[in-house]
Every structure is written in structure tokens, then in C-alpha cells.
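Observations on chain architecture
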Amino acid sequence: MHQVVRRVVKDGILHNDICDDITLPPKPRTEKRALYEIEKKTVFKAYFNNADWTLVYILYGCGLRRQKVLALKVEDID
């Protein structure tokens, strides 16, 4: 929203930035934890197709976050 309003002000459609006084509340931090042993065993007992297994092994074996794995392309893997 801030970017849109700044652009409108820069283009001369608005004369002042109506978003100047708006601040977002702080995002609460969530506590992260490693998988419990029962969770690890359950993941590897689950039924997955080949593509899902690839995702699981990259997540678990490389310790990558979900967002990083989902952003991978075939050419990123050596």
C-alpha cells in the first residue's frame, strides 16, 4: 500500500502521502523447534510419490527451509 501511495504522490495525483502515519504492529515471533523422534519416524513411514519424496529428502537431508526448497529449480541441483 505504501508503495502505491508513494507512486501516486510522485505522479502528482495526490499531494500528500496518506500512509505516513500508518505503522504495522510488530509480528509475534513463533518459536521454532526440531522434529521430535516420533515425527521423524512418521514422515519416513508415510506414503509419498517420487516428487514428494524428493522434497522430503531435500528438506530433511539438507536442512533447508520450505521456502528455499520450493524456490529451487532443476538447474540449481548439481
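Okay, so let's go over this structure. Treat the numbers as computed from the prediction; the structure is a model and nothing was measured.

Comments concerning the pattern of salt bridges
Should the charged atoms of two oppositely charged side chains come close, the side chains can pair. One pass over the full model with this rule turns up three salt bridges. Linking aspartate 11 and arginine 7 is a salt bridge whose minimum nitrogen-to-oxygen distance equals 3.4 Å. Note on aspartate 11: relative accessible area 45%, which makes it partly exposed. The partner of arginine 33 in a salt bridge is glutamate 39, with the nearest N and O atoms 2.9 Å apart.

Notes on the packing of aromatic side chains
For the coordinates displayed, the defined rule picks out five aromatic pairs. Considering the side-chain rings of phenylalanine 44 and tyrosine 57, the 5.8 Å spacing of their centres and the 45° angle between planes classify their relative orientation as tilted. Taken as a pair, phenylalanine 44 in helix H2 (residues 37-45) and tyrosine 57 in helix H3 (residues 50-62) lie far apart in primary sequence, 13 residues in all. One aromatic cluster is present, built from ring pairs that chain together Phe44, Phe48, Trp53, Tyr57 and Tyr60.

Describing the layout of surface pockets
In this structure, the largest pocket spans a volume of roughly 460 Å³. Residue lining of the largest pocket: 14 residues in total, with Arg33, Leu35, Leu64, Arg65 and Arg66 positioned closest to the centre. Residue composition of the lining of the largest pocket, by class: eight nonpolar, one polar and five charged.

A few points about the side chain of aspartate 17
You can see aspartate 17 is positioned in the loop between helix H1 (2-10) and H2. Here aspartate 17 is buried and forms no salt bridge, its nearest opposite-charge partner arginine 6 lying at an N-O distance of 4.2 Å. Here cysteine 19 takes part through its backbone nitrogen, which lies 2.9 Å from a polar atom of the side chain of aspartate 17.

Definitions and limits used
- Throughout this document, residue positions are counted from 1 along each chain, in the order its sequence is written.
- Side-chain atom pairs in this predicted model are given and counted only at pLDDT of 80 or more, local residue features only at pLDDT of at least 70, and totals for whole chains, interfaces and linings cover all residues.
- Excluding hydrogens and water, the side-chain figures rest on all heavy atoms present in the structure.
- Salt bridge criterion: a side-chain nitrogen from Lys or Arg within 4 Å of a carboxyl oxygen from Asp or Glu.
- For every residue, the accessible area obtained with a 1.4 Å probe (protein chains only) is divided by the maximum for its type, and the residue is called buried under 20%, exposed over 50%, and partly exposed between those limits.
- Working definition: rings of Phe, Tyr and Trp (its six-membered ring) pair if their centres are within 6.5 Å, and the pair is stacked with planes under 30 degrees apart, edge-to-face with planes over 60 apart, and tilted otherwise.
- Where helices and strands are cited, they refer to DSSP runs of H or I of at least four residues and of E of at least two residues respectively, numbered from the N terminus.
- The distinction between a cavity and a pocket rests on a 1 Å grid over the protein atoms alone: a 1.4 Å probe fits inside a cavity but cannot get out, while a pocket stays open yet meets protein on both sides within 12 Å along at least five of seven lines, and a residue with an atom within 4 Å of a point counts as lining.
- Grid points are joined across faces, edges and corners, and a volume is the space filled by probe spheres set on the points.
- Any residue that is not Ala, Val, Leu, Ile, Met, Phe, Trp, Tyr, Cys, Pro, Asp, Glu, Lys or Arg is counted as polar, Gly included; the first ten are nonpolar and the last four charged.
- Here the positive residues are Lys and Arg and the negative ones are Asp and Glu; neither His nor the chain ends is included.
- We define a polar contact as two N or O atoms separated by no more than 3.5 Å, with the added condition that, inside protein, one atom must be a possible hydrogen donor and the other a possible acceptor, whereas residues neighbouring each other in sequence contribute only through side-chain atom pairs.

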